[in-house]
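Remarks on the overall topology
Chain by chain, the residues run as shown.
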Amino acid sequence: MEPLPQNARLVRRAYWLIRIRWIAITGVILATFVASRILHISVNQIALYCVAAVLTVYNSVFLILLNRAVKPNGERVFSAVHRIVSVQISLDLILLTVLVHFSGGVENPFMVYFVFHMVIASILLPAWESYLQATLAVCLVVFLVLLEHHGVIHHYCLEGLLPKCIIGDKRLIAVMVSVFTTTLFMIVYMTSSISVQLRNQEEAYWQANIQLKQKDKVKDEYVSRVTHDIKGHLAAIQSCLEVVINRTLGPLNERQSDFVGRAQHRTKILATFVRTLLRLTQMRLSDKLEVHEFSLKEAIADAVSSAEARAQSKSIVLTTAIGPSVDRIVGNKFSIEEVIVNILLNAIKYTPEKGAVEISAVDKGDCVQIEVKDTGIGIPADEIPRVFDEFFRGAKARKTERDGTGLGLSIAKQIVERHNGRIWVESTQGKGSTFKLTLPKTPRHC
Amino acid sequence: MGSMKILIVDDDTDITDSLKAILEDQRFSVATAADRAEGMEKFKTESPDLVILDVMMATWRDGFEMAREIKSDPESREVPILMLTGVKDKSGIDFKSTAGDPTWLPVDGFLDKPVDAEVLIAEVEKLLARA
């Protein structure tokens, strides 16, 4: 089963966090360089570069841990990713405090950067954990300010940037720490409430989607059973009619023969429809596609020879142009040949007598593009988006050919997409249509 | 050819009866059976010259198994089997003709259901002539 959306997002964001940290490390190095060498601000350069080095080390460690946690697919893995993200944010807060200490303490404008971690935590972690992270940040800063204020640790005054040090001013630092604290908690509160709402909505959509898929499967199974039964009865009806039509049991007069003939014709149409519907449904129900390496060139040649008789009966010129390097691909030969025959027969069906149908195949690197071009009646622009829909039949198409099922192109689309390929049509009404499809040479490409 | 005997095995009596009518019209002698057990019994008692076998009976392996049973017995392996199927065109299974292969289907010909009378007669005559 595919992972819950928030789990999938957690993994994506975990990598994103690591990428952002690489940028942050570069930022720390550059800012330290600019502050000390260009702006001549008194910061502890060595300590700051050391922090950047520590960041680099633990970012690499987390990347390795994350890669290990993500490989297999199971519930425990996501909890590992969750832990990694959580620990990373806490470590980031500690290192940011150290960084702030060596570059001016509470006076450092980069204090604002704590906000980023609060936003990230609120998006990725449950609300209570985000509040915990905010509490950690506040404790760290208060602790730092107290130690610096009481002179337990050195306070780096930002000489060259600020007119004077404020660490001795109790009231001012109290105000600053209060503002800092409320800002962090407010941000966690706002971001968490929005992201919890989004997460719930996302999960509701996800659940609804799963239910729809299940219902669709139930429908397919139902259709499959019904059509299978109908198919059996139809075969029996056809078989019995055949006895009468064949005059096995005695001669028929002209009118009898006419009506039995009509019944046989309609049964045949219904049988084709049922057989096609069954094929489509069974294809949708089966999860796997049996693939093997085969010659596409041969498959096209076979398809062309199955369609040849139909083309000849309408005096349609059927030509083939296959690129020299088009040959072996991996796929289901039977299905692909079916797609090509389907499209060829369609082209012939909707092309007036003495027209032309051309099939071509071109090597496009990772995939092969097949085109079937005809000089037929064409498809009106407003019908083009729907030609691959199940049961859809264009108004003109219906006039030209009464007995189509409206399923042939749906099957073709289903098969091509199962092969990770694409199928589409370009058409000018009155001039003809070109059906194009791409098939990857190996299942994953293209 | 008129005296040749044909055994039709299919669980759908409408199919067996209609095929029987068509074949009897061609002066073949026809026996029918509705399942694999009855089919094998009639195969032994009637000693047909040709068997028409539906691939899907009670289970979809029944036709397969019966064909294998007939073809693995040295005494009956020469009897041609004509398989009626909608399976080949539906599943794309490429039936193999070698014993031991999971898709080994030792039959001499296939016909798609429903069968056209002329096609059926032509195929039956072809197989009988070959045998």
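Residues numbered from 1 in each chain as written. Chains lettered and ligands numbered in written order. Predicted model: local features only at pLDDT ≥ 70, side-chain atom pairs only at ≥ 80, totals over all residues. Heavy atoms only, no water.

1. Observations regarding the overall build of chain A
- A tally of regular secondary structure across chain A gives eleven helices and seven strands.
- In chain A, which comprises 446 residues, the proportion classed as buried is 43%.
- Intrachain contacts of chain A at a sequence separation of at least 6 include 74% that bridge at least 24 residues.
- With an accessible surface of roughly 24,400 Å², chain A has 61% of that area assigned to carbon and sulfur atoms. (Helix = DSSP H or I, 4+ residues; strand = E, 2+ residues; numbered from the N terminus. Buried < 20%, exposed > 50% of the residue type's maximum accessible area, 1.4 Å probe, protein only. Contact = heavy atoms within 4.5 Å. Areas by Shrake-Rupley, 256 points an atom, 1.4 Å probe, with all protein chains shown as cover.)

2. A look at the sheet that holds strand β5 (residues 109-112) of chain B
Residues and elements named next belong to chain B.
- Overall, parallel pairing links the five strands, which are arranged β2-β1-β3-β4-β5 in an open sheet. Of all the strands in the sheet, the pair left with one neighbour each is β2 (29-33) and β5. Pairwise comparison of adjacent strand axes, ignoring direction, gives a mean angle of 20 degrees for this sheet.
- The sheet contact formed by strand β1 (residues 5-9) and β2 spans five bridges and is parallel. Directly across from I6, in β2, lies its bridge partner V30. (Pairing = 2+ DSSP bridges. Axes fitted to C-alpha atoms, helices over the stretch in contact; angles between N-to-C directions.)

3. What about the environment of A24 of chain A?
- Examined against the element boundaries, A24 of chain A turns out to sit in helix α1 (residues 5-38).
- Taking the C-alpha atoms as reference points, A24 of chain A and A52 of chain A, separated by 28 residues in sequence, lie 8.8 Å from one another.

4. Structural notes on the side chain of Q88 of chain A
All names here are of chain A.
- Relative to the helices and strands, Q88 resides in helix α3 (residues 75-102).
- Take Q88: its relative accessible area is 0%, and that puts it in the buried class.
- Among the polar contacts listed, one links the side chain of Q88 to the side chain of R21, at a separation of 2.6 Å.
- Those residues in contact with Q88 that lie beyond four places of it in its chain are L17, I18, R21, Y58, N59 and F62. (Polar contact = N/O pair within 3.5 Å; in protein donor to acceptor, adjacent residues only side chain to side chain.)

5. Notes on the nonpolar core
All names here are of chain A.
- Core analysis: the biggest nonpolar cluster contains 57 residues, and V81, V85, I89, F114, M118 and L184 have the highest contact counts within it.
- Elements represented by at least two residues in this core include exactly α1, α2 (45-70), α3, α4 (114-124), α5 (127-149) and α6 (170-245).
- The dominant element in this core, judged by the number of residues it contributes, is α3, at 13 residues.
- Leaving out residues up to four positions away in the same chain, V81 has contacts with L10, V11, A14, L66, A69 and V70.
- Among the nonpolar cores identified, the runner-up in size contains 44 residues, and V304, I340, L344 and V368 belong to it. (Core = buried A, V, L, I, M, F, W, Y, C linked by side-chain atoms within 4.5 Å.)

6. So, the interface of chain B and chain A
- Each partner contributes to the interface: chain B provides 21 residues, whereas chain A provides 17 residues.
- Note on chain B versus chain A: buried area summed over both sides is about 1,500 Å², and carbon and sulfur give 57% of it.
- At the junction of chain B and chain A, the tally comes to zero salt bridges.
- On the surface where chain B and chain A come into contact, there are three residue pairs in polar contact (both at pLDDT 80 or more).
- Those elements that place two or more of their residues in the side of chain B that touches chain A are α1 (13-25) and α4 (87-91) of chain B.
- Of all the elements, α1 of chain B adds the most residues to the side of chain B that touches chain A, at seven residues.
- Among the residues making up the side of chain B that touches chain A, the classes are represented as eight nonpolar, four polar and nine charged. (Buried area = accessible area lost by both parts, 1.4 Å probe. Salt bridge = Lys/Arg side-chain N within 4 Å of Asp/Glu carboxyl O. Nonpolar A, V, L, I, M, F, W, Y, C, P; charged D, E, K, R; others polar.)

7. A short note on the pairing of strand β4 (residues 81-85) of chain B
Residues and elements named next belong to chain B.
- Along β4, five of the five residues are buried, which leaves the element largely enclosed by surrounding structure.
- What you see with β4 is no split at all: I81, M83 and T85 on one side and L82 and L84 on the other are buried throughout.
- Across four bridges, strand β3 (residues 50-54) lies against β4 in parallel orientation. Each residue of the ladder has a partner; that of D54, found in β4, is L84.
- Examined bridge by bridge, β4 and β5 share four bridges and lie parallel to one another. Residue pairing across strands places M83 opposite F110, the latter belonging to β5.

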